[in-house]
Amino acid sequence: MKRILIVEDEKNIAEIERDYLELDGFEVIIENNGVNGLNRAMSEEFDLAILDIMLPDMDGFEICRALRKEKDIPILMVTAKVSSIDKVRGLGIGADDYIGKPFDPAELVARVKAHIARYDRIKGTTQDKGVDIEYRDLVIRPLSRRVFFKNNEIFLTAKEFDLLYYLASNPNVVHSKKDIFDKVWGMESLGDAGAGTVVVHLTHIREKIPMDYIETVRGVGYRFSMQTEQ
Ligand code: CA
């Protein structure tokens, strides 16, 4: 059974969300404040998180940022404020989707199902590929999903791995942020949020691997440059 975490301080909204999701066969856990919500999200396995933005203790933005560093589950942001939606789009905090209040619960359920299906599909396809990539001290092993630099293991999150592997398995080609987002996240039309998410993940990869393998092609996108060694 797929598990969903709802972090929402308005009890009636949380219960409506839960009721609709349970009708569709999901197991639902509710937390009413930000700190408890983040702790729960970090310590247990969920297939998706629904985060309200205005919350006691810690807002949905902070939870999303912290959660995204550790987990790659789909994150849906929910907010009553239109200005918050703009912020979700612009910040590149790693949210997969956002929905404004009030919303039709059936619409929420439809989006939840779509995100979970996409996430399952991506996990499935990336695990199927099996060819190791070895280039200039960097080794990427897709079957075990491990990365090594000069024989030292580099620990990437699942999405960072997918992104690096996608670029490295299609080298010497410039990929736009939109193309990368569509391929790695499997979603289209998220616009700024998608581009921001790609930038955030690339920054993390560059912080973790001591040599920068990914070239920025200004105004166009990114390229994993793989020269044939002499
Ligand atoms: Ca709230």
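Everything numeric in this text was worked out from a predicted model, so none of it was measured. (Residues numbered from 1 in each chain as written. Predicted model: local features only at pLDDT ≥ 70, side-chain atom pairs only at ≥ 80, totals over all residues. Heavy atoms only, no water.)

Peer 1: Just to check I follow, could you spell out the pairing of strand 3 (residues 48-52) for this structure?
Peer 2: Remember that side chains alternate between the two faces of the sheet whenever the strand is regular. Across the 5 residues that make up strand 3, a large majority, 5, are buried. Across 4 bridges, the pairing between strand 1 (residues 3-7) and strand 3 is parallel. Residue pairing for strand 3: L5 is matched across the bridge by A49. Inspection of the sheet shows strand 3 paired to strand 4 (residues 75-79) by 4 bridges, in the parallel sense. Opposite I50, over in strand 4, you have L76 as the bridge partner. Crossover handedness for the path strand 3 to helix 3 (residues 60-70) to strand 4: right-handed. (Buried < 20%, exposed > 50% of the residue type's maximum accessible area, 1.4 Å probe, protein only. Helix = DSSP H or I, 4+ residues; strand = E, 2+ residues; numbered from the N terminus. Pairing = 2+ DSSP bridges. Right-handed = clockwise from strand over helix to strand, strands pointing away.)

Peer 1: Is there a simple way to explain the pattern of salt bridges in this structure?
Peer 2: As a working rule, side chains carrying opposite charge can pair if their charged atoms are close by. Here the structure, examined in full by the defined rule, presents 22 salt bridges. When the shortest N-O distance is used, the salt bridge between R18 and D19 registers 3.7 Å. Of the residues examined, R18 reaches a relative accessible area of 25% and is grouped as partly exposed. Here D19 falls in the partly exposed class, since its relative accessible area comes to 40%. Among the ionic pairs, R118 bridges to D96, the shortest N-O distance being 3.5 Å. Of the two residues, R118 sits in helix 5 (residues 105-128) while D96 sits in the loop between helix 4 (82-91) and strand 5 (97-100), which places them 22 residues apart along the sequence. (Salt bridge = Lys/Arg side-chain N within 4 Å of Asp/Glu carboxyl O.)

Peer 1: How should I be thinking about the packing of helix 6 (residues 158-169) against helix 7 (residues 177-185) in this particular structure?
Peer 2: Put simply, helix 6 and helix 7 touch, their axes get as near as 10 Å, and they point 120 degrees apart. Taken together, the axes of helix 6 and helix 7 lie oblique to each other. Of the two elements, helix 6 crosses helix 7, and the hand of that crossing is right-handed. Between helix 6 and helix 7, the residues in contact are K159, D162, L163, Y166 and L167 and D179, I180, K183, V184 and W185, respectively. Its residues assigned to classes, the contact of helix 6 with helix 7 shows 6 nonpolar, no polar and 4 charged. (Axes fitted to C-alpha atoms, helices over the stretch in contact; angles between N-to-C directions. Parallel < 35°, antiparallel > 145°, perpendicular 65-115°, else oblique. Left-handed = near helix turned anticlockwise from the far one by under 90°. Contact = heavy atoms within 4.5 Å. Nonpolar A, V, L, I, M, F, W, Y, C, P; charged D, E, K, R; others polar.)

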